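Now for the letters of each chain:
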Amino acid sequence: MWALIARSIVFSFLFHCSFQLLPLPDFIHPCYELTDECFTKATLDAIPGVVKGIPEAGIPALDPLIIDKNISIELPGNLKMQFINAKLAGLSTCVPDKVSSRREKRMFIFDMHCNFTIRGLYSLRGRLLLFNLDTDGYAKIKIWNQHIRLEVVEKVVRNKAGVGHYKINSYKYKADYGSDLKMNLTNLIRGNPDISANLLQVLNRDSQLFANEFGGPILDYAIDYAMNVTQRFFNAYAYDQLSPIPLTDDFFVKD
Ligand SMILES: *[C@@H]1O[C@H](CO)[C@@H](O)[C@H](O)[C@H]1NC(C)=O
Ligand SMILES: *[C@@H]1O[C@H](CO)[C@@H](O)[C@H](O)[C@H]1NC(C)=O
Ligand SMILES: *[C@@H]1O[C@H](CO)[C@@H](O)[C@H](O)[C@H]1NC(C)=O
Ligand SMILES: *[C@@H]1O[C@H](CO)[C@@H](O)[C@H](O)[C@H]1NC(C)=O
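Thresholds, definitions, all that
- Residues numbered from 1 in each chain as written.
- Chains lettered and ligands numbered in written order.
- Predicted model: local features only at pLDDT ≥ 70, side-chain atom pairs only at ≥ 80, totals over all residues.
- Heavy atoms only, no water.
- Disulfide = S-S within 2.5 Å.
- Buried < 20%, exposed > 50% of the residue type's maximum accessible area, 1.4 Å probe, protein only.
- Helix = DSSP H or I, 4+ residues; strand = E, 2+ residues; numbered from the N terminus.
- Contact = heavy atoms within 4.5 Å.
- Expected span 1.5 Å × (residues − 1).
- Patch = residues over 30% accessible without salt bridge, like charges linked within 9 Å, V, L, I, M, F, W, Y side chains within 5 Å.
- Areas by Shrake-Rupley, 256 points an atom, 1.4 Å probe, with all protein chains shown as cover.
- Salt bridge = Lys/Arg side-chain N within 4 Å of Asp/Glu carboxyl O.
- Core = buried A, V, L, I, M, F, W, Y, C linked by side-chain atoms within 4.5 Å.
- Pairing = 2+ DSSP bridges.

S.K.: Looking at this model, I keep getting lost on the state of the cysteines. Mind explaining?
M.R.: Each disulfide consists of a covalent bond between the sulfur atoms of two cysteine residues. With the rule as written, the count across this model stands at two disulfides. Each sulfur of the disulfide joining C31 and C38 lies 2.2 Å from the other. Between C31 and C38 the sulfur-sulfur dihedral comes to about -105°; the bridge is accordingly left-handed. Judged by relative accessible area, C38 falls into the partly exposed class, the value being 22%. The partner cysteine of C94 in its disulfide is C114, sulfur to sulfur 2.2 Å. Residues C94 and C114 share a disulfide whose torsion about the S-S bond is about 105°; that sign makes it right-handed. Of this pair, C94 sits in the loop between β3 (79-89) and β4 (95-102) while C114 sits in strand β5 (residues 107-128), and the two are 20 residues apart along the sequence. In this structure, C94 and C114 share a single accessibility class: buried. Sequence-ordered numbering of the bonded cysteines in the protein chain gives a pairing of 1-2, 3-4.

S.K.: Explain the environment of V50 here, please?
M.R.: Structurally, V50 can be placed in helix α2 (residues 36-52). Note: C-alpha distance between V50 and L62 (12 residues apart in sequence) is 7.9 Å. Non-local contacts of V50, meaning those with residues more than four positions away in its chain, are made with F27, I28, I59, P60 and L62.

S.K.: Help me understand unusual backbone geometry in this model?
M.R.: Most peptide bonds are trans, and most residues other than glycine sit at a negative phi. Following D63, the chain continues into P64 via a peptide bond in cis, with omega recorded as 5°. Mapped onto the secondary structure, P64 falls in the loop between α2 and β1 (65-66). At N145, a residue that is not glycine, the phi angle is positive and equals roughly 50°. Structurally, N145 is set in strand β6 (residues 131-158). Accessibility expressed as a relative area gives 36% for N145, which makes it partly exposed.

S.K.: Which parts of the structure should I look at to understand α2?
M.R.: Because each turn of an α-helix spans 3.6 residues, side chains separated by three or four positions end up pointing in the same direction. In this model, α2 (17 residues) spans 25 Å end to end at C-alpha, consistent with the 24 Å of a helix rising 1.5 Å per residue. The complete set of buried residues in α2 reads F39, T40, A42, T43, A46, I47, G49 and V51. In this structure, the buried side of α2 is in contact with β4 and β5. In the segment just after α2, G53 is the residue with positive phi, at about 100°.

S.K.: Looking at this model, I keep getting lost on a nonpolar patch on the surface. Mind explaining?
M.R.: A cluster of nonpolar side chains, L129, L130 and V202, forms an exposed patch at the surface whose accessible area comes to about 300 Å². Among the secondary structure elements, V202 is positioned in helix α3 (residues 193-205).

S.K.: Which parts of the structure should I look at to understand the nonpolar core?
M.R.: Soluble, globular proteins show a tendency: their nonpolar side chains are buried together. Within the largest apolar cluster, 69 residues are counted, with the highest numbers of intra-cluster contacts made by M81, F83, L188 and F214. Ranked by residue count, the leading element in this core is helix α4 (residues 207-236), at 14 residues. What F214 contacts, discounting residues up to four positions off in sequence, is I73, L75, M81, F83, I141 and M183.

S.K.: Please explain the pairing of β3 as it appears in this structure.
M.R.: The side chains of a regular strand alternate between both faces of the sheet. In terms of strand pairing, β1 meets β3 through two bridges, oriented antiparallel. Along β3, the bridge assignment pairs L65 with L88. As paired elements, strand β2 (residues 71-75) and β3 share five bridges and run antiparallel to each other. Opposite S72, over in β3, you have Q82 as the bridge partner. Where β2 hands over to β3, the hairpin turn is made up of three residues, of which G77 adopts a positive phi near 85°. Here β3 pairs with β5 via eight bridges, running antiparallel. Note on β5: the bridge partner recorded for K80 is R125.

S.K.: Explain the side chain of S123 to me, please; I cannot follow it from the model alone.
M.R.: Mapped onto the secondary structure, S123 falls in strand β5. On the basis of relative accessible area, S123 is assigned to the buried category, the value being 11%. The contact partners of S123, leaving out residues within four places of it in the chain, are K80, M81, Q82, I84, T135 and D136.

S.K.: How do you make sense of the pairing of β5 when you look at a structure like this?
M.R.: With seven bridges connecting them, β4 and β5 associate as antiparallel partners. Paired with R102 across the two strands is M107, which belongs to β5. Here β4 folds back onto β5, and the loop between the two strands holds four residues, one of which, R106, carries a positive phi near 55°. Sheet topology places β5 next to β6; 21 bridges connect them, and they run antiparallel. When the sheet's bridge partners are listed, I118 is paired in β6 with I141. As consecutive antiparallel partners, β5 and β6 are separated by two residues, and within that stretch L129 has a phi angle of approximately 50°, a positive value.

Pasting the structure below:
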């Protein structure tokens with residue numbers, strides 16, 4: 001993580017000093033028309049390449065995404081769950097349903113769906129059905145067709161050399177439960193594999209009830225991470241490279 005940040009600082013430093021633009025990767029297809037069709041297609045084209053990582057722009061591979069902090073989740077019934085060393089796989093499966101731009105609000109809206117798998121160690125404390133749990137084990141959670149609607153507000157900032165770059169001002173997102181969720185938690189009842197397996201079955205029957213609580217904190221992390229990466233991308237490539245439609249001067253903000 002720090003190595004990456006250091007590298008992207010070095011990159012933007014080199015960039016500002018030499019004013020040399022990195023060539024745009026061939027999977028980035030700028031839109032000559034500001035239509036939903038073009039933005040949706042461009043996003044579809046960009047996802048596989050971006051997810052593989054763009055080392056020259058300081059962008060690491062994103063699938064799986066390694067979550068470098070422990071994520072705490074509060075579940076109904078005073079249950080506390082923690083994910084330790086979790087990995088999120090599936091960003092490369094994301095399919096944009098519709099991407100549109102509200103140019104007057106400087107907003108992009110991404111509607112997409114993805115299949116995610118979360119793997120890692122978990123710990124669980126609290127009451128679940130009839131059981132007082134104080135356990136830990138291995139977790140694997142699959143979510144199918146998680147729908148995400150992401151709104152990103154951006155501006156264009158001109159650096160000292162007069163080169164414009166996108167800057168993410170703010171973002172927010174909404175996600176639904178997905179069409180299905182299956183979890184596998186080992187050792188739910190410490191040392192009792194049979195009851196553990198039964199309890200897991202019961203949980204999976206009502207897994208939609210947990211989907212939001214599970215998905216939320218991990219998705220918060222993933223989207224924050226993706227936004228950080230997107231900003232790194234915008235720092236590496238100029239507005240003019242990404243968008244052939246010239247902006248009027250009032251769009252620019254001085255650095
Ligand atoms: C995460 O939790 C584990 C086990 O409780 C602990 O060893 C580790 O230091 C924690 N990691 C972070 C980044 O807090
Ligand atoms: C998600 O998985 C389902 C079932 O395996 C598959 O039909 C669907 O195409 C996948 N969706 C994405 C966005 O990869
Ligand atoms: C859950 O994972 C464990 C360990 O990987 C495996 O042995 C078990 O068969 C899995 N259970 C289910 C219901 O998939
Ligand atoms: C995103 O960047 C901010 C600011 O540098 C940082 O505080 C945050 O931890 C980063 N998020 C992730 C998920 O890496």
